[in-house]
Protein chains: 4
Amino acid sequence: DRPLMLIAGPCQLESLDHARMLAGRIAEAAEAAGMAWVFKSSYDKANRSSLSGKRGLGMEEGLSILSTIRAEFGVPVLTDVHAPDHCAPVAEVVDILQIPAFLSRQTDLLLAAGETGAAINVKKGQFLAPWDMENVAAKIASTGNERVMLCERGASFGYNMLVSDMRALPIMARTGYPVVFDATHSVQLPGGQGASSGGQREFVEPLARAAVAVGCAAVFIETHESPDTAPSDGPNMVEIDRLGALLQGLAAIDRLTKR
Amino acid sequence: DRPLMLIAGPCQLESLDHARMLAGRIAEAAEAAGMAWVFKSSYDKANRSSLSGKRGLGMEEGLSILSTIRAEFGVPVLTDVHAPDHCAPVAEVVDILQIPAFLSRQTDLLLAAGETGAAINVKKGQFLAPWDMENVAAKIASTGNERVMLCERGASFGYNMLVSDMRALPIMARTGYPVVFDATHSVQLPGGQGASSGGQREFVEPLARAAVAVGCAAVFIETHESPDTAPSDGPNMVEIDRLGALLQGLAAIDRLTKR
Amino acid sequence: DRPLMLIAGPCQLESLDHARMLAGRIAEAAEAAGMAWVFKSSYDKANRSSLSGKRGLGMEEGLSILSTIRAEFGVPVLTDVHAPDHCAPVAEVVDILQIPAFLSRQTDLLLAAGETGAAINVKKGQFLAPWDMENVAAKIASTGNERVMLCERGASFGYNMLVSDMRALPIMARTGYPVVFDATHSVQLPGGQGASSGGQREFVEPLARAAVAVGCAAVFIETHESPDTAPSDGPNMVEIDRLGALLQGLAAIDRLTKR
Amino acid sequence: DRPLMLIAGPCQLESLDHARMLAGRIAEAAEAAGMAWVFKSSYDKANRSSLSGKRGLGMEEGLSILSTIRAEFGVPVLTDVHAPDHCAPVAEVVDILQIPAFLSRQTDLLLAAGETGAAINVKKGQFLAPWDMENVAAKIASTGNERVMLCERGASFGYNMLVSDMRALPIMARTGYPVVFDATHSVQLPGGQGASSGGQREFVEPLARAAVAVGCAAVFIETHESPDTAPSDGPNMVEIDRLGALLQGLAAIDRLTKR
């Protein structure tokens with residue numbers, strides 16, 4: 001069992017300076033906790049609750065920033081893709097392609113992502129059972145690409161609420177692929193603020209601790225210096241000032257769990 | 001209040017002869033019940049549970065069949081689209097573009113569909129609340145296209161099961177757009193057979209009756225001469241032999257409801 | 001198939017005069033719709049959300065009122081029981097004992113109720129599947145009492161919300177026992193107002209119509225002249241002034257459904 | 001923060017010898033892990049899925065066994081009560097009265113339990129939200145008894161399945177009362193075997209670890225030397241041979257969490 005990995009960054013790319021600032025702060029926090037990390041950010045939010053939500057910088061500028069972060073910090077970078085024809089150009093720059101939860105059953109996207117040879121982090125659809133992810137992973141693996149990660153990010157639980165079923169982690173781990181716990185989107189209240197999603201930042205830490213105690217391979221945590229003014233997912237991002245202490249706690253549980 | 005409309009056809013296009021045979025049978029059943037109807041079928045199943053599920057005939061052959069049915073039977077035709085660049089070519093042939101439930105939050109697809117000027121039937125995501133559909137409709141309406149239909153097809157209820165919340169029909173109707181009840185996919189057991197979805201055909205009729213008694217504008221019912229050997233959604237399609245009696249019952253409830 | 005029966009009354013007994021006034025109004029509405037009816041009311045609300053909720057008049061005064069209504073209006077009366085030793089005294093006065101949903105698995109209560117020989121209306125627990133009710137009915141039937149009615153009143157759907165699964169009606173009907181649809185408690189928002197439950201009165205009619213179109217044996221509708229000032233379940237009771245029109249609509253659907 | 005406490009024992013009392021054997025094994029395991037513990041067992045299973053489920057030894061013999069275990073092992077004992085008039089006699093023998101989840105809203109039972117002055121462990125109903133438990137605790141506290149523990153044991157998630165929402169632990173902890181995580185009943189599949197409940201023993205450990213990492217006050221784990229032949233809850237009890245290792249893991253996480 002390899003030590004816990006961190007996937008972190010701002011939900012949405014805002015500018016190179018902003019990404020650089022956050023990458024620096026994440027690097028500090030992760031190194032202090034002894035954790036390898038991946039920089040995550042999106043250049044396009046393709047499925048906002050409403051049209052009024054900000055879409056992002058676009059692919060060209062976004063990939064340029066990710067490429068710079070990758071080079072300057074020497075870390076792998078991850079971003080999400082929304083259409084089959086985006087996979088190849090994105091994979092030229094990023095190390096890990098992410099399949100959004102809503103798109104986790106779209107065969108063409110999964111195949112196009114797989115064919116790039118990049119690592120693929122597939123978010124489990126809010127409408128899927130953990131055992132359904134075996135078929136999702138098999139679609140990717142059919143391209144010959146076995147570099148798959150399966151990511152829990154909450155299951156639909158009534159309206160405008162998700163629940164994190166910790167059983168999903170060992171169930172998905174039976175596939176043999178590493179399992180990621182997304183502590184940010186698991187505490188989303190989808191559509192809960194009318195034209196945008198709400199969130200419960202106070203539960204990021206308890207749920208992340210729970211997932212690490214169960215034995216996941218990586219945690220996914222979005223972070224920002226001022227979540228409440230961030231262009232998306234503000235209500236569920238962790239303040240960058242608090243990331244260090246949170247990671248220390250997770251690393252300690254992880255050492256116990258995997259020893 | 002206009003009388004109940006029917007959207008019907010085989011889940012997946014199999015051949016022109018097959019589509020023609022079913023369209024003939026549906027026409028008979030709908031006319032006997034005094035219902036206007038739309039022919040529905042898919043040329044590509046883009047989100048099968050597993051890779052082993054049949055994808056379909058493809059766009060070119062599919063649109064050719066739909067075009068023939070449209071001309072021969074004088075009925076509007078409906079098919080689903082999965083990518084923004086499919087919307088314009090499909091809208092040249094079909095009257096109603098359908099947005100699949102998993103894709104109901106994908107902004108680019110909704111905008112591209114809206115821009116064709118065709119009518120759009122949006123399936124409500126299994127992960128959405130009925131009131132969330134107002135924002136979905138607004139994305140389409142932002143293109144100037146107000147020909148929107150909102151379609152209930154079940155909400156996630158635990159794992160591998162959906163529930164039809166009949167409250168969703170009046171809630172979505174508050175938008176002013178016509179509301180469709182999809183009686184076929186509401187009785188799906190998603191992923192319930194391992195590599196494919198199961199279904200509960202015996203509940204199509206009770207749920208359709210319930211929806212009509214609540215006052216929906218249209219019902220969506222997939223049908224086949226031999227559902228158990230159909231390439232997709234067999235477990236929840238209605239046998240074409242039983243469609244006539246089912247529609248008679250629905251039309252009678254509809255007349256009571258809308259008088 | 002016998003015509004639809006109505007179970008109606010105020011959630012909670014307030015006084016003889018109040019019960020008499022409502023019984024008179026219900027009698028008018030039911031007779032105009034050609035429906036047989038049962039007077040329902042509770043003398044003790046034993047499971048209020050919080051201590052501050054009003055409990056009721058108590059067994060002695062409650063049974064006296066129910067007995068008077070029964071005699072004056074010539075209708076069967078129904079009330080709920082919460083402890084095994086209440087069953088025998090209550091059954092001396094009322095025709096139908098009702099088992100509350102939270103208590104639908106309590107063996108001693110089911111047996112004590114069954115042993116009275118009275119008809120028993122068991123509410124399906126919010127935590128039970130419709131097929132689980134077969135075992136519940138079998139507990140009662142083990143006493144030799146087959147006068148069982150099974151009642152759908154909503155299933156837990158996330159927190160503080162219920163959903164009415166219309167499939168539950170035909171599933172419970174497979175037992176051979178008559179199935180009741182409780183349109184009042186199905187629209188409850190349990191605990192939704194902090195110290196009491198909220199409700200969605202506007203959905204009583206659509207859900208009742210849906211249930212009748214599916215083919216239930218009886219509907220259960222609580223009613224009050226001023227629901228918003230009633231001591232319990234106000235947010236989901238129907239105004240007595242609107243009961244007549246509602247019943248006319250249900251009776252018409254029922255005639256279609258059972259012809 | 002006090003160290004993690006253990007509540008453990010066989011689901012159902014079978015005989016004094018059996019209880020003594022298990023108490024001895026639990027004592028060893030708990031002491032090795034440095035955990036204080038409470039012996040739990042039931043003398044009556046009042047809400048079995050079906051009549052064919054074994055009810056238990058009855059109150060007299062049950063209390064006699066619990067009293068003996070209490071004296072011989074010098075540990076507090078816990079058992080569940082199902083009727084108000086059982087509370088006083090049971091409280092003469094046991095230290096902690098437990099309110100079953102289905103009965104967590106029954107005011108008379110909560111008051112009668114509170115009035116004994118004993119500690120009360122209330123299971124959260126499968127149909128309740130974590131914030132609803134504040135009103136439940138207030139019913140008990142109205143008797144002047146503040147010795148309340150609130151216990152998470154799973155929330156209804158579709159039919160025949162529960163989900164453990166780890167957010168429930170910090171939410172219930174806001175009341176100021178200690179929070180217990182029941183790792184045994186949280187992995188129940190209620191009604192999942194037709195006439196009895198199924199279970200998923202393999203998830204007891206991951207869920208218990210998760211709950212401890214989140215910071216609960218106690219864990220509740222039913223155990224047996226041969227779960228598969230036990231008279232109740234076999235599918236979700238832990239084999240006594242495995243309890244020691246499980247507790248060591250939990251104690252280590254607890255020390256990290258509360259330091």
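Since the model is a prediction, treat every value here as computed from it, not as a measurement. All residue numbers here refer to positions counted from 1 along the written sequence of the relevant chain. Written order determines the labels here, with chains lettered from A and ligands numbered from 1. Restriction of local features to residues with pLDDT of at least 70 applies here, the model being predicted, together with a cutoff of 80 or more for giving and counting side-chain atom pairs; totals for whole chains, interfaces and linings are based on all residues. As a rule here, side-chain values come from all non-hydrogen atoms in the structure, and water together with hydrogens is ignored.

**Some remarks on the overall build of chain A**
Okay, so step 1: Each helix is a run of DSSP H or I of at least 4 residues and each strand a run of E of at least 2, with the numbering of both proceeding from the N terminus. When you go through chain A residue by residue, the secondary structure sums to 8 helices and 13 strands.
Okay, so step 2: Computed over its C-alpha atoms, the radius of gyration of chain A comes to 17 Å, within 12% of the 18 Å expected for a compact globule of 259 residues.
Okay, so step 3: If you line up chain A on its principal axes, its C-alpha atoms span 45 × 40 × 40 Å.
Okay, so step 4: Sorting the 259 residues of chain A into buried and exposed places 65% on the buried side.
Okay, so step 5: Of all intrachain contacts in chain A linking residues separated by at least 6 positions in sequence, the fraction that spans at least 24 positions is 68%.
Okay, so step 6: Put simply, chain A shows about 8,400 Å² of open surface, and 47% of that area lies on carbon and sulfur atoms. Only the C-alpha atoms count toward the radius of gyration. The rule for a globule is 2.2 Å times the residue count to the power 0.38. Working definition: with a 1.4 Å probe on protein chains only, accessible area under 20% of the residue-type maximum means buried, over 50% means exposed, and in between means partly exposed. Whether two residues are in contact is decided by their heavy atoms: any pair within 4.5 Å suffices. Methods summary: accessible areas were calculated by the Shrake-Rupley approach with a probe of 1.4 Å, and residue burial reflects only the protein chains presented.

**Observations concerning the relation of the copies chain A and chain D**
Okay, so step 1: Copy-to-copy superposition: least squares on the C-alpha atoms, limited to residues that have pLDDT of at least 70 in both copies. At an RMSD of 0.0 Å, chain A and chain D line up after a rotation of 180° and a shift of 0.0 Å along the axis. Both copies are brought into coincidence by an operation consistent with a two-fold rotation axis. Closest approach to the rotation axis within chain A is made by the C-alpha atom of Ala-210 of chain A, at a distance of 1.9 Å.
Okay, so step 2: By residue overlap, the copies meet face to face through one surface: 100% of the interface positions of chain A are interface positions in chain D.

**A few points about the interface of chain D and chain C**
Okay, so step 1: At the junction of the two partners, chain D supplies 35 residues and chain C supplies 35 residues.
Okay, so step 2: Taken together, the two surfaces of chain D and chain C that pack against each other cover about 3,100 Å², and 50% of this comes from carbon and sulfur.
Okay, so step 3: Salt bridge criterion: a side-chain nitrogen from Lys or Arg within 4 Å of a carboxyl oxygen from Asp or Glu. Connecting chain D to chain C are 2 salt bridges.
Okay, so step 4: With its nearest N and O atoms 2.9 Å apart, the salt bridge here joins Asp-108 of chain D to Arg-55 of chain C.
Okay, so step 5: Pairs of N or O atoms within 3.5 Å make up the polar contacts considered here, provided that, within protein, one atom can donate a hydrogen while the other can accept it, and that residues adjacent in sequence are counted only when both atoms are side-chain atoms. There are 12 residue pairs in polar contact (both at pLDDT 80 or more) connecting chain D and chain C. Note on definitions: buried area is the accessible-area loss of two parts on being combined, 1.4 Å probe, summed for both.

**Things to note about the relation of the copies chain D and chain C**
Okay, so step 1: For the pair chain D and chain C, the superposition axis carries a translation of 0.0 Å, the fit reaches an RMSD of 0.0 Å, and the rotation angle comes to 180°.
Okay, so step 2: Comparing interface residues between copies, 100% of those in chain D also lie at the interface in chain C; the contact surface is shared.

**Overview of the pattern of salt bridges**
All names here are of chain C.
Okay, so step 1: Under the criterion given, the structure shown has 52 salt bridges over all chains.
Okay, so step 2: Residue Asp-165 pairs with Arg-167 through a salt bridge whose shortest N-O separation is 2.9 Å.
Okay, so step 3: Judged by relative accessible area, Asp-165 falls into the buried class, the value being 3%.
Okay, so step 4: The class for Arg-167 is buried, based on a relative accessible area of 3%.

**With respect to the packing of helix 1 (residues 16-33) of chain D against helix 8 (residues 240-258) of chain D**
All names here are of chain D.
Okay, so step 1: Note on geometry: axes are lines fitted to C-alpha atoms, helical ones only across the stretch in contact, with angles between N-to-C directions running from 0 to 180 degrees. In contact at an axis separation of 8 Å, helix 1 and helix 8 are set at 30° when each is read in the N-to-C sense. By the criterion of interaxial angle, the relationship of helix 1 to helix 8 is roughly parallel. Between helix 1 and helix 8 lies a crossing of right-handed hand. Contacts from Leu-22, Arg-25, Ile-26, Ala-29, Ala-30, Ala-32 and Ala-33 of helix 1 reach helix 8 at Ile-240, Asp-241, Leu-243, Gly-244, Leu-247, Gln-248, Ala-251 and Arg-255.
Okay, so step 2: Gly is put with the polar residues, along with every residue not named as nonpolar or charged; the nonpolar set is Ala, Val, Leu, Ile, Met, Phe, Trp, Tyr, Cys and Pro, and the charged set is Asp, Glu, Lys and Arg. Looking at the contact of helix 1 with helix 8 residue by residue, the classes come out as 10 nonpolar, 2 polar and 3 charged. For classification, angles of less than 35 degrees are called roughly parallel, those exceeding 145 degrees roughly antiparallel, those between 65 and 115 degrees roughly perpendicular, and all remaining angles oblique. Note on convention: near helix rotated counterclockwise from far helix by under a right angle means a left-handed crossing. Clockwise means right-handed.

**Examining the pairing of strand 6 (residues 148-152) of chain D**
All names here are of chain D.
Okay, so step 1: Extensive coverage of strand 6 is indicated by the burial of 5 of its 5 residues.
Okay, so step 2: If DSSP finds at least two bridges between two strands, the strands pair. Pairing of strand 5 (residues 119-123) with strand 6 involves 4 bridges; the strand directions are parallel. Each bridged residue has a counterpart across the sheet, and for Ile-120 the counterpart in strand 6 is Val-148.
Okay, so step 3: For crossovers, right-handed means that the path from the first strand over the helix to the second runs clockwise, given strands pointing away from the viewer. For the crossover that starts at strand 5, traverses helix 5 (residues 133-141) and ends in the parallel strand 6, the hand is right-handed.
Okay, so step 4: Bridge count for strand 6 against strand 9 (residues 179-182) is 3 bridges, and the pairing is parallel. Pairing of Leu-150 across the sheet is with Val-179, part of strand 9.

**A few points about unusual backbone geometry**
Most peptide bonds are trans, and most residues other than glycine sit at a negative phi.
Okay, so step 1: A positive phi is found at Asn-160 of chain A, a non-glycine position, where the angle reads about 60°.
Okay, so step 2: By the secondary structure assignment, Asn-160 of chain A is in the loop between strand 7 (155-156) and strand 8 (162-163).
Okay, so step 3: A positive phi angle, near 55°, is found at Asp-233 of chain B, a position not held by glycine.
Okay, so step 4: Take Asp-233 of chain B: its relative accessible area is 13%, and that puts it in the buried class.

**Overview of the nonpolar core**
Okay, so step 1: Residues belong to a common nonpolar core when they are buried Ala, Val, Leu, Ile, Met, Phe, Trp, Tyr or Cys residues joined through side-chain atoms within 4.5 Å. Judged by nonpolar contacts, the single largest core of 309 residues is most densely connected at Phe-39 and Met-166 of chain A, Phe-39 and Met-166 of chain B, Met-166 of chain C together with Phe-39 and Met-166 of chain D.
Okay, so step 2: Formed by 14 residues, the second largest nonpolar core is a distinct cluster that contains Ala-155, Phe-157 and Val-163 of chain B together with Ala-155 of chain C.

**Some points on the interface of chain A and chain D**
Okay, so step 1: Between chain A and chain D, the residue contacts involve 28 residues of the former and 28 residues of the latter.
Okay, so step 2: Between chain A and chain D, the buried area comes to about 2,200 Å², and carbon and sulfur atoms account for 69% of it.
Okay, so step 3: Where chain A touches chain D, the interface holds 2 salt bridges.
Okay, so step 4: The partner of Glu-202 of chain D in a salt bridge is Arg-174 of chain A, and the shortest N-O contact between them spans 3.9 Å.
Okay, so step 5: Of all the elements in the fold, those that place two or more residues in the side of chain A that touches chain D are strand 7, strand 8, helix 6 (168-173), helix 7 (204-214) and helix 8 (240-258) of chain A.
Okay, so step 6: Per-element accounting of the side of chain A that touches chain D gives the leading share, 6 residues, to helix 7 of chain A.
Okay, so step 7: Considered class by class, the residues forming the side of chain A that touches chain D number 18 nonpolar, 4 polar and 6 charged.

**What to know about the state of the cysteines**
Residue and element names in this part refer to chain A.
Okay, so step 1: By disulfide we mean two sulfur atoms from cysteines, separated by a distance within 2.5 Å. All chains considered together, the criterion is met by 0 disulfides over all chains.
Okay, so step 2: The structure places no disulfide on Cys-151, whose sulfur is separated from the nearest cysteine sulfur, that of Cys-216, by 9.4 Å.
Okay, so step 3: Overall, the relative accessible area of 0% leaves Cys-151 in the buried class.

**Describing the environment of Gly-234 of chain D**
Residue and element names in this part refer to chain D.
Okay, so step 1: Within the secondary structure, Gly-234 sits in the loop between strand 12 (218-224) and strand 13 (238-239).
Okay, so step 2: The spatial distance from the C-alpha of Gly-234 to the C-alpha of Pro-10 is 9.5 Å, given a sequence separation of 224 residues.
Okay, so step 3: Other than its neighbours up to four places away in sequence, Gly-234 contacts Arg-201, Pro-227 and Asp-228.

**Observations regarding the packing of aromatic side chains**
Okay, so step 1: Pairing of aromatic rings covers Phe, Tyr and Trp, the last through its six-membered ring, and needs centres within 6.5 Å; plane angles under 30 degrees mean stacked, over 60 mean edge-to-face, and all others mean tilted. Applying the stated criterion across every chain, the model contains 16 aromatic pairs over all chains.
Okay, so step 2: Ring geometry for Phe-157 of chain A versus Tyr-159 of chain C: centroids 4.8 Å apart, planes at 85°, classification edge-to-face. Placement of Phe-157 of chain A in the loop between strand 7 and strand 8 and of Tyr-159 of chain C in the loop between strand 7 (155-156) and strand 8 (162-163) is noted, with the two residues assigned to different chains.
Okay, so step 3: Given a relative accessible area of 12%, Tyr-159 of chain C falls into the buried group.

**A word on helix 2 (residues 59-73) of chain D**
Residue and element names in this part refer to chain D.
Okay, so step 1: One less than the residue count of a helix, multiplied by 1.5 Å, gives the span that helix is expected to have. In this model, helix 2 (15 residues) spans 21 Å end to end at C-alpha, consistent with the 21 Å of a helix rising 1.5 Å per residue.
Okay, so step 2: Those residues of helix 2 lying buried are Gly-62, Leu-63, Ile-65, Leu-66 and Ile-69. Buried residues of helix 2, seen end-on, are gathered within an arc of 160° and therefore sit on one face of the element. Opposite the buried face of helix 2, by more than 90 degrees, sit the exposed residues Glu-60 and Ala-71.
Okay, so step 3: Contacts made by the buried residues of helix 2 are with helix 1, strand 2 (37-40), strand 3 (77-80) and helix 3 (84-91).
Okay, so step 4: A positive phi of about 65° marks Gly-74, the residue just after helix 2. The arc in question is the one spanned by the directions pointing from the helix axis to the C-beta atoms.

**Regarding the environment of Phe-73 of chain C**
Residue and element names in this part refer to chain C.
Okay, so step 1: Of note, Phe-73 is situated in helix 2 (residues 59-73).
Okay, so step 2: In this structure the C-alpha to C-alpha distance between Phe-73 and Gly-24, which are 49 residues apart in sequence, comes to 7.9 Å.
Okay, so step 3: When near neighbours in sequence (up to four residues on either side) are disregarded, Phe-73 contacts Arg-20, Ala-23, Gly-24 and Ala-27.

**Re the confidence of the model for chain A**
Okay, so step 1: Here chain A averages 96 in pLDDT, and 100% of its residues register 70 or above.
Okay, so step 2: Both scores are available for the predicted complex, with the pTM at 0.96 and the ipTM at 0.96. As a per-residue measure, pLDDT tells how confident the predictor is, with possible values from 0 to 100.

**A few points about the environment of Leu-189 of chain A**
Residues and elements named next belong to chain A.
Okay, so step 1: Within the secondary structure, Leu-189 sits in strand 10 (residues 188-189).
Okay, so step 2: Here the alpha-carbon distance between Leu-189 and Ser-41, two residues 148 residues apart in the chain, equals 20 Å.
Okay, so step 3: When sequence neighbours within four positions are dropped, the list of residues in contact with Leu-189 reads Asn-160, Met-161, Ser-197, Gly-198, Gly-199 and Gln-200.

**With respect to the side chain of Thr-223 of chain A**
Okay, so step 1: Mapped onto the secondary structure, Thr-223 of chain A falls in strand 12 (residues 218-224).
Okay, so step 2: With sequence-adjacent residues up to four places away left out, Thr-223 of chain A is seen in contact with Gly-9, Pro-10, Leu-22, Ile-26, Met-237, Val-238, Glu-239, Ile-240 and Leu-243 of chain A.

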